[in-house]
Amino acid sequence: MRSVIDITDLSKEELASLMETANDIMKDPGKYAHACAGRKLATLFFEPSTRTRMSFEAAMYELGGSVISMTDGATSSAAKGESVSDTAKIVSCYADIIAMRHPKEGAALVAANAASVPVINAGDGGHCHPTQTLADLLTISREKGRLCDLTVGLCGDLKFGRTVHSLINALSRYENIRLVLISPEELRLPDYVYNDVIVKNGMKCVQTPDLMWALPQLDVLYMTRVQRERFFNEEEYLRLKDSYILTKEKLNHARPDMIVMHPLPRVNEISVSVDDDPRACYFRQALYGKYMREALILMLLSECEKNDAKTY
Ligand code: CP
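Because the structure is predicted, anything quoted here is derived from the model rather than measured. Positions within a chain are numbered from 1, following the residues in the order the chain's sequence is written. Given that this is a predicted model, residues contribute local features only at a pLDDT of at least 70 and side-chain atom pairs are listed and counted only at 80 or more, while totals for whole chains, interfaces and linings are drawn from all residues. Side-chain measures were taken over the full set of non-hydrogen atoms in the model, leaving aside hydrogen atoms and water.

### A closer look at the state of the cysteines
When the sulfur atoms of two cysteines share a covalent bond, that bond is a disulfide. Any two cysteine sulfur atoms lying within 2.5 Å of each other are counted as a disulfide. Scanning the model with the defined rule gives 0 disulfides in all. Cys36 carries a free sulfur, and the closest cysteine sulfur to it, the one in Cys304, is 11 Å from it. You can see Cys205 has no disulfide; the closest cysteine sulfur is in Cys155, sitting 14 Å from it.

### Some words on the domain arrangement of the protein chain
Note that the domain bounds reflect an automated or database-derived domain assignment. Partitioning the protein chain into structural domains gives domain 1 (7-125 + 288-310) and domain 2 (130-280). With centres defined by C-alpha atoms, the gap from domain 1 to domain 2 works out at 26 Å. Note on contacts: a residue pair qualifies if any of its non-hydrogen atoms lie within 4.5 Å across the two residues. Taken residue by residue, the interface counts 28 residues in domain 1 and 23 residues in domain 2. Buried area: the accessible surface (1.4 Å probe) lost by two parts on joining, summed over both. Taken together, the two surfaces of domain 1 and domain 2 that pack against each other cover about 2200 Å², and 60% of this comes from carbon and sulfur. Within this document, salt bridges are pairs made up of a side-chain nitrogen of Lys or Arg and a carboxyl oxygen of Asp or Glu, the two lying within 4 Å of each other. Linking domain 1 to domain 2 there are 1 salt bridge. In this structure, Arg162 and Glu47 form a salt bridge, with 3.2 Å as the shortest nitrogen-oxygen distance.

### Considerations on the packing of helix H2 (residues 51-62) against helix H11 (residues 282-307)
One can describe the packing of H2 onto H11 by two numbers: an axis separation of 8 Å at closest approach and a directional angle of 55°. Classified by the angle their axes make, H2 and H11 are oblique. At the point where H2 passes H11, the crossing takes the right-handed sense. Between H2 and H11, the residues in contact are Arg51, Thr52, Ser55, Phe56, Ala58, Ala59, Met60 and Glu62 and Ala286, Lys290, Tyr291, Arg293, Glu294, Ile297 and Leu301, respectively. Residue classes follow a fixed rule: Ala, Val, Leu, Ile, Met, Phe, Trp, Tyr, Cys and Pro count as nonpolar, while Asp, Glu, Lys and Arg count as charged, and any other residue, Gly among them, counts as polar. Classifying every residue of the contact of H2 with H11 by side-chain character gives 8 nonpolar, 2 polar and 5 charged. Orientation is described by lines fitted to C-alpha atoms, with helices fitted over the stretch in contact, and by angles between N-to-C directions that extend from 0 to 180 degrees. Here a strand is any run of E in DSSP of at least two residues, a helix any run of H or I of at least four, and the numbering for each starts at the N terminus. Angles below 35 degrees are treated as roughly parallel, those above 145 as roughly antiparallel, those between 65 and 115 as roughly perpendicular, and all remaining angles as oblique. Throughout, a crossing is termed right-handed when the near helix is turned clockwise from the far one, and left-handed when it is turned anticlockwise from it by less than a right angle.

### A look at the nonpolar core
Think of a nonpolar core as a cluster: buried Ala, Val, Leu, Ile, Met, Phe, Trp, Tyr and Cys residues, connected wherever their side-chain atoms sit within 4.5 Å. Buried residues are those whose accessible area, probed at 1.4 Å on protein chains only, stays under 20% of the maximum for their type, while exposed residues exceed 50% and partly exposed ones sit between those limits. Within the largest apolar cluster, 59 residues are counted, with the highest numbers of intra-cluster contacts made by Leu10, Leu137, Leu154, Ile168, Leu179, Leu296 and Ile297. The element best represented in this core is H11, accounting for 10 residues. The residues that make up this core include at least three from each of domain 1 (7-125 + 288-310) and domain 2 (130-280). Within the second largest apolar cluster, 20 residues are counted, among which are Cys155, Leu211, Leu218 and Tyr282.

### A short note on unusual backbone geometry
Here Leu264 and Pro265 are connected by a cis peptide whose omega angle stands at 5°. Tracing the backbone shows Pro265 in the loop between strand E9 (259-261) and H11. Although it is not a glycine, Asp149 adopts a positive phi angle of roughly 55°. Despite not being glycine, Leu264 has its phi angle at roughly 65°, a positive value. Checked against the element boundaries, Leu264 lands in the loop between E9 and H11. The exposure class of Leu264 is buried, given its relative accessible area of 12%.

### Description of the environment of Leu134
Of note, Leu134 is situated in helix H5 (residues 130-144). Under the relative-accessibility criterion, Leu134 is labelled buried at 1%. Spatially, the C-alpha atoms of Leu134 and Ser166 are 9.4 Å apart, while their sequence positions differ by 32 residues.

### Comments concerning the site of the ligand
Near the ligand you find Ser49, Thr50, Arg51, Thr52, Arg101, His129, Gln132, Pro263 and Leu264, and these make up its full shell. Any pair of N or O atoms that falls within 3.5 Å is considered a polar contact. Within protein, one atom must be able to donate a hydrogen and the other to accept it, and sequence-neighbouring residues count only if both atoms are side-chain atoms. With respect to the ligand, the side chain of Thr52 contributes an N or O atom lying 2.6 Å from an oxygen atom. At a separation of 2.8 Å, a nitrogen atom of the ligand approaches a polar backbone atom of Pro263. If the ligand stood free it would expose 250 Å²; the protein chains cover 92% of that surface. Among the residues making up the shell around the ligand, the classes are represented as 2 nonpolar, 5 polar and 2 charged. In terms of domain composition, the shell around the ligand takes at least three residues from each of domain 1 (7-125 + 288-310) and domain 2 (130-280). We call a residue near a molecule or strand as soon as one heavy atom of that residue lies within 4 Å of the molecule or strand. Note that accessible areas follow from Shrake-Rupley with a 1.4 Å probe, and for residues the cover is restricted to the protein chains shown.

### Observations concerning the pattern of salt bridges
Following the criterion strictly, the structure yields 17 salt bridges and no others. Across the salt bridge formed by Glu305 and Arg39, the nearest N and O atoms sit 2.9 Å from each other. Placement of the pair is Glu305 in helix H11 and Arg39 in the loop between helix H1 (12-27) and strand E1 (40-45), with a sequence separation of 266 residues. Here Asp277 makes a salt bridge to Arg279, at a shortest N to O gap of 2.9 Å. Note on Arg279: relative accessible area 12%, which makes it buried. Ionic contacts of the salt-bridge type, sharing partners, join the residues Arg2, Glu14 and Glu303 into one network.

Structural data, given as structure tokens:
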């Protein structure tokens, strides 16, 4: 029985296969409409979410399965002190697969070690967010037609932005990716990602605080929100929150075929005037996430079936 806690839990071949399945679901959803009949997904969200939880739930319904949901840790027995491990053991009795978001780094791994069904990490603190990366990879592949030979700018809160950490890990597997890391000094990528992923894999990379310098070079611009909930100091957040605001005027300096991505939610970092630009693909990105989550649920449940791995 296998869980997905980090994007590196999936091989490059599996990523390709998940994208193929997601594309096929988009083409012919009827073929998959009963694929998970009789199966249940539990969504355990100890942190707020719109896209991840709802797209997981929509994904399971579109596969013919059903969903049980905990939308807020405060209304579960976690509020009485129940541990993540015990919660995962109990929910394994009620569901065939779990998607969990938690504010603590490593919580999804703790849940996976205790659960008897697959656990999918739907975001653990500032650590990683592998299913957002699945959405991101499908977006780049569909919008740019390739996952190699790209200059990718990652802009904003690279310190706490878990989607960035997972995406860099995934991109390290593809040929000729050049990263441009755009952030204020205080929000630079953590050393554990910079050293263990970028340096270790010999990725081409530059770091700069200057979005306007970077913009004309990019094939992909991945904007991120400054993660208020991860700051210890509100004043520091207020000082940094509007470090980058992408406007229609700034976009005039970008290549005509550059794409603008954002895991969302956005706050101020992309002006709404950018939404109508054909290069803006963040809303499609959120849609692609649903199909990639369908593909992942299918893959993990079919592995369970093959291994007959569910134990009580
Ligand atoms: N991208 C993302 O994780 O969005 P939510 O926080 O709304 O799930």
